[in-house]
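# Report on the structure
Below are the chains, spelled out letter by letter.
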Amino acid sequence: MEYLLVHFPRSRRVLIDDEFNGRTNELIELEAGRHTVSLGPPYDNYEPDEYTVILKNTSALDPREVTFELKEHE
Amino acid sequence: MSLKNTSSSCVIVACAFFLTLGGCAHYPVNGPSSRHDETPRYEFAPEANGLNTDSLFLCLAFSGGGTRAAALSYGVLEKLRHTRLTWKGVEKSLLDEVDCISSVSGGSFTAAYYGLFGDRIFEEFRPKFLDVNIQRTLIWRLFNPINWVRLASPYFNRIDLAAEYYDEHLFEGNTFVALAQPPRRPFVIINATNMVNGERFEFTQEQFDFLASDLSSYPVARAVAASSAFPFLLSPITLKNYPHVEFQLPKDYQAGLHDYDDNRRRYYWAKNRTIYLDDEQYPYLHLMDGGLSDNIGLRPIEAAYRRTGGFIRRLINEGRIEKLVIIVVNARTVEKDDLSRSESPPGILTVAAKTATIAMEHYSVETIETMKELRRERMKAQHNLAACQKRLDQCPGSTPLPAFATTIDPYVIEVNFEALRDPAQRDDLQSLPTSFALTGEQVDALIQVGQQLLEESPDYRAFLEDLMIP
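Attention here is on the structure that accompanies the text. (Residues numbered from 1 in each chain as written. Chains lettered and ligands numbered in written order. Predicted model: local features only at pLDDT ≥ 70, side-chain atom pairs only at ≥ 80, totals over all residues. Heavy atoms only, no water.)

## Comments concerning the overall build of chain A
Helices and strands together make up the secondary structure of chain A, namely 0 helices and 9 strands. Each helix (α) and strand (β) of chain A, taken in turn from the N terminus, gives the series β-β-β-β-β-β-β-β-β. Compactness check: chain A gives a C-alpha radius of gyration of 12 Å against a globular reference of 11 Å for 74 residues, within 12% of the reference. For chain A, the spread of C-alpha atoms along the principal axes amounts to about 35 × 20 × 15 Å. Residue pairs at least 24 apart in sequence account for 48% of intrachain contacts in chain A once pairs closer than 6 positions are excluded. As displayed, chain A offers around 3500 Å² of accessible surface, 42% of which is attributable to carbon and sulfur atoms. Averaging the positions of the 8 positive and the 16 negative side-chain charges in chain A gives two centres separated by 1 Å. (Helix = DSSP H or I, 4+ residues; strand = E, 2+ residues; numbered from the N terminus. Rg over C-alpha atoms; globule rule 2.2 N^0.38 Å. Contact = heavy atoms within 4.5 Å. Areas by Shrake-Rupley, 256 points an atom, 1.4 Å probe, with all protein chains shown as cover. Lys, Arg positive; Asp, Glu negative; His and termini not counted. Charge placed at Lys NZ, Arg CZ, Asp CG, Glu CD.)

Here it is as C-alpha cells:
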C-alpha cells in the first residue's frame with residue numbers, strides 16, 4: 001500500500017478520485033498509482049483546485065505530501 | 001387410410017406448433033439502465049443500520065462446493081448468531097455485525113438467502129435447500145415434455161430451468177431491488193465468471209453500470225444460477241450489454257487506465273471492466289461458475305480493502321473501522337487421485353473436465369495469503385509509527401508524526417476442513433462430493449463442523465479474547 005498526507009490549515013475531508021477518502025493532516029492509505037486529490041466542501045476556499053499525484057515507493061514514515069492553501073478571503 | 005393421413009397431419013401440425021412455441025422460449029433479459037435517479041442502486045450501504053456498526057466490521061467469504069459449501073457456510077452463520085457480545089455498550093450477536101458477504105457457487109445460495117430473508121434462514125433454509133435433492137429435482141424438470149419444447153429454443157437452456165426452480169422455490173421471485181431496499185447490511189456480492197476473459201463478474205450495480213444495465217430488476221435466482229453454473233453440467237447465463245449512451249467512466253477507472261507502469265493490478269482491473277464499453281464488440285456476455293475465477297469468494301473483499309475506492313478502504317481512511325474481521329469459509333475437498341495410478345493417459349472427456357475445473361483451487365491459498373500479507377503490512381505500518389513516535393516523544397519540542405485516522409485491529413480467519421485434528425473426520429469431509437444432493441447426516445455433520453472449525457480457529461479465538469468474549 002502507499003501513503004498520502006494532505007496538508008491544510010483545517011481539518012477537512014479529502015476527495016481522492018472524486019470520492020471522500022480520509023481527512024487532511026492524517027495519513028491516508030491508498031493503492032499505488034495515479035490519483036487526483038482535492039478537498040471537500042466548501043469548494044471555493046482552497047487552492048489549487050486539485051493535485052494529480054502518482055503514489056509509488058512511499059511508506060507510513062515517508063508519505064507523499066501535498067499542501068492546499070486557504071484562500072486569502074477566508 | 002384417409003383417417004391415418006389426417007392423424008399424421010395432426011401430429012405434425014401439433015409438433016410444429018409446440019416447436020414454434022418452443023422457439024419463442026427466451027431467458028429473462030436484464031434491462032437497460034434506468035433514467036430515473038430514484039431507481040435503487042444495489043451497492044454497499046454507506047450507513048450502518050440496526051445493531052450493525054462500522055467500528056466492528058465483519059466480512060464473510062463463502063466458497064464454492066455445492067451443498068457441501070452451502071451447509072458449511074450455514075453452520076458458520078449459526079455460530080455467529082449464537083456468539084453474543086457487548087460492543088459500544090450494546091448487546092448483540094456477532095451476526096448482527098456482518099457487513100458484507102462475498103460468495104461463489106454453492107456458497108451463493110446461503111449468502112443470497114441470508115441477504116434476502118435474514119433470520120428466516122434458520123427456519124427455512126434446511127427444508128427448502130440443504131435437505132433437498134436439487135439435482136434430482138432439476139433432472140425431473142428435464143423430463144417434462146413442455147420443457148423439451150422450451151429447450152428446443154436457442155435462447156433457453158438448462159441453466160434457465162435451474163434458475164426458474166431457484167426463483168420459485170427458494171428466492172420467492174425476488175429481484176435485486178429487494179436486496180437494495182431498504183439500504184442495509186450485509187452487502188451480498190454474488191460472483192460469477194465471464195467465459196470470454198475468465199474475469200470475475202459480480203452482481204452489483206457498479207458492475208452493471210458497465211453494461212448500461214439496471215440490476216435492481218434482475219432476479220436474484222439468476223445471479224445465483226450464474227454463480228453456480230458448473231462447467232458441462234449447466235450452461236452459462238447470458239447478459240445483454242446495452243449501448244453506453246450516457247455512461248461516464250468513474251475517475252478511479254480513468255486513473256487506473258494510466259497505471260500500466262505504476263500499478264499493473266489496477267491497470268488490468270480498469271481495463272477488464274472497460275472492455276464492456278465496446279458494446280458493438282461485446283453485445284452479450286456469458287457467465288459461468290464463480291469458482292472458475294475465485295473459488296473462495298475472497299477477491300471482492302480484498303478489492304474492497306485494497307482499491308482506493310473500495311468500500312472498506314474508504315471507511316478505514318475515514319477512521320470508522322476499529323476492528324476488521326474477515327472470515328473465509330472454505331469447503332475445499334481433496335479429490336481422490338486415480339489418474340496418477342494409470343499408465344495410459346486420460347481420455348478426452350477426462351481431460352476436458354479437468355481442464356475446465358483444475359484451475360478452480362489454484363489461487364485460493366494465494367488469495368488468503370495475500371489478504372494476510374495486507375493485514376501484516378497495515379500492522380507493521382502502525383507499529384513503526386508508534387515506535388518512532390515513542391522515540392520522538394523523548395525529544396523536547398519535536399513535532400508529532402502524522403498518524404492514521406485510527407489504529408485498526410485486522411483479523412483474517414479461515415474455516416477449512418484441513419484444520420480438523422481428527423484424521424478420520426477430516427478424510428470423511430474432504431471426500432464429500434461437489435453436488436446438490438447430500439444426505440441429512442452429511443448436512444448435519446457439515447453444519448456442526450462449520451461451527452466447530454470456527455470455534456477452534458486460533459485467529460477467531462484471538463479475536464474473541466480481544467473482545468473479552470469467553
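## Digging into the overall build of chain B
When you go through chain B residue by residue, the secondary structure sums to 19 helices and 12 strands. Radius of gyration (C-alpha) of chain B: 25 Å, near the 23 Å computed for a compact globule of 470 residues. With respect to the three principal axes, the spread of C-alpha positions in chain B is 115 × 60 × 50 Å. Counting every position in chain B, which comprises 470 residues, the buried fraction comes to 51%. (Buried < 20%, exposed > 50% of the residue type's maximum accessible area, 1.4 Å probe, protein only.)

## Details of helix 3 (residues 106-117) of chain B
Residue pairs spaced three or four apart in an α-helix point in one direction, given the helix's 3.6 residues per turn. Residue and element names in this part refer to chain B. The end-to-end C-alpha distance of helix 3 is 18 Å, a good match for the 16 Å that 12 residues give at a rise of 1.5 Å each. Burial runs high along helix 3: 12 of the 12 residues are buried. Three or more residues of helix 3 are buried, namely Gly106, Gly107, Ser108, Phe109, Thr110, Ala111, Ala112, Tyr113, Tyr114, Gly115, Leu116 and Phe117. A positive phi of about 60 degrees marks Gly118, the residue just after helix 3. (Expected span 1.5 Å × (residues − 1).)

## Here we look at the interface of chain A and chain B
Each side of the interface is counted separately: chain A has 28 residues, and chain B has 29 residues. Between chain A and chain B lies a buried interface of about 2600 Å² when both sides are counted; carbon and sulfur atoms form 50% of it. When the buried surface of chain A facing chain B is broken down by residue, A:Met1, A:Glu29 and A:Glu31 rank first, second and third, together holding 25% of it. Remark: the boundary between chain A and chain B carries 9 salt bridges. (Buried area = accessible area lost by both parts, 1.4 Å probe. Salt bridge = Lys/Arg side-chain N within 4 Å of Asp/Glu carboxyl O.)

## Some remarks on the sheet that holds strand 2 (residues 13-16) of chain A
Residue and element names in this part refer to chain A. As summarised here, the arrangement of the 4 strands in space is 3-2-5-7, forming an open sheet in which the pairing is antiparallel. The open sheet has two free edges, formed respectively by strand 3 (19-23) and strand 7 (51-55), since each of these has just one partner strand. On average, each strand axis in the sheet is inclined to that of its neighbour by 40 degrees, with strand direction left out of account. As judged from the 5 bridges shared by strand 5 (residues 33-39) and strand 7, these two strands associate in the antiparallel manner. Note that in strand 7 the partner of Val37 across the bridge is Tyr51. (Pairing = 2+ DSSP bridges. Axes fitted to C-alpha atoms, helices over the stretch in contact; angles between N-to-C directions.)

## Focus on the state of the cysteines
All names here are of chain B. Evaluated as defined, the whole model comprises 1 disulfide over all chains. Residue Cys59 pairs covalently with Cys100 via a disulfide, S to S 2.0 Å. Across the disulfide from Cys59 to Cys100, rotation about the S-S bond amounts to roughly 120 degrees, and the bridge is consequently right-handed. Of this pair, Cys59 sits in strand 2 (residues 56-62) while Cys100 sits in strand 5 (residues 98-104), placing them 41 residues apart in sequence. Neither Cys59 nor Cys100 differs from the other in exposure class; each is buried. Not part of a disulfide, Cys388 finds its nearest cysteine sulfur in Cys395, a span of 11 Å. (Disulfide = S-S within 2.5 Å.)

## Structural notes on the environment of B:Arg126
All names here are of chain B. Along the polypeptide, Arg126 turns up in helix 4 (residues 121-130). Each C-alpha atom of the pair Arg126 and Ala70 lies 10.0 Å from the other, and the pair is 56 residues apart in sequence. Apart from the residues lying within four places of it in its own chain, the contact partners of Arg126 are Tyr74, Asp131, Val132, Gly440, Val443, Asp444 and Ile447.

## Regarding the side chain of B:Asn416
All names here are of chain B. With respect to the helices, strands and loops of the structure, Asn416 is situated in strand 12 (residues 409-416). Here the side chain of Asn416 touches Glu414 through a polar contact of 3.0 Å, side chain to side chain. If we skip the residues at most four places from it in the chain, Asn416 touches Asn330 and Leu453. (Polar contact = N/O pair within 3.5 Å; in protein donor to acceptor, adjacent residues only side chain to side chain.)

## Some remarks on the pattern of salt bridges
Close approach of charged atoms allows side chains with opposite charge to pair. Residues and elements named next belong to chain B. A complete count under the given rule lists 38 salt bridges over all chains for this structure. The shortest N-O distance in the salt bridge between Lys88 and Glu322 comes to 2.9 Å. Of this pair, Lys88 sits in the loop between strand 3 (84-87) and strand 4 (90-93) while Glu322 sits in the loop between helix 14 (311-317) and strand 11 (323-330); the two residues are 234 residues apart in sequence, bridging distant segments of the chain. On the accessibility criterion, Lys88 (52% relative accessible area) is exposed. Residue class for Glu322 comes out partly exposed when judged on its relative accessible area of 29%.

## Focus on a nonpolar patch on the surface
Nonpolar side chains collect at one region of the surface, where B:Ile139, B:Trp140, B:Leu142 and B:Phe143 lie side by side and expose about 450 Å² of accessible area between them. Summarising the element assignment, B:Phe143 is placed in helix 5 (residues 134-143). (Patch = residues over 30% accessible without salt bridge, like charges linked within 9 Å, V, L, I, M, F, W, Y side chains within 5 Å.)

## Section: the nonpolar core
A general tendency of soluble globular proteins is for nonpolar side chains to be buried together. With 126 residues, the main nonpolar core has B:Leu80, B:Tyr166, B:Phe171, B:Phe176, B:Phe203, B:Ile312 and B:Ile327 as its most contacted residues. Considering every element that reaches this core, the biggest residue donor is helix 2 (residues 66-82) of chain B, with 8 residues. Other than its neighbours up to four places away in sequence, B:Phe203 contacts B:Tyr42, B:Phe176, B:Ile190, B:Ala192, B:Phe208, B:Leu215, B:Tyr218, B:Ala223, B:Ala226, B:Leu239 and B:Leu287. One finds A:Val6, A:Phe8, A:Tyr46 and A:Leu55 within the second-largest nonpolar core, a separate group that totals 14 residues. (Core = buried A, V, L, I, M, F, W, Y, C linked by side-chain atoms within 4.5 Å.)

## Concerning the packing of aromatic side chains
Using the criterion set out here, one finds 36 aromatic pairs over all chains in the structure. Ring geometry for A:Phe8 against A:Tyr46: centres 6.4 Å apart, planes inclined by 85 degrees, an arrangement best described as edge-to-face. With A:Phe8 in the loop between strand 1 (2-7) and strand 2 and A:Tyr46 in strand 6 (residues 46-47), this pair connects stretches of sequence that are 38 residues apart. The two residues A:Phe8 and A:Tyr46 agree in class, both being buried. Here B:Phe109 and B:Tyr166 contribute two aromatic rings whose centre-to-centre distance is 4.9 Å and whose plane-to-plane angle is 85 degrees, an arrangement assigned as edge-to-face. Residue B:Phe109 is located in helix 3, and its partner B:Tyr166 is located in helix 7 (residues 158-169); the two are separated by 57 residues in the primary sequence. (Phe/Tyr/Trp six-rings, centres within 6.5 Å; stacked < 30°, edge-to-face > 60°.)

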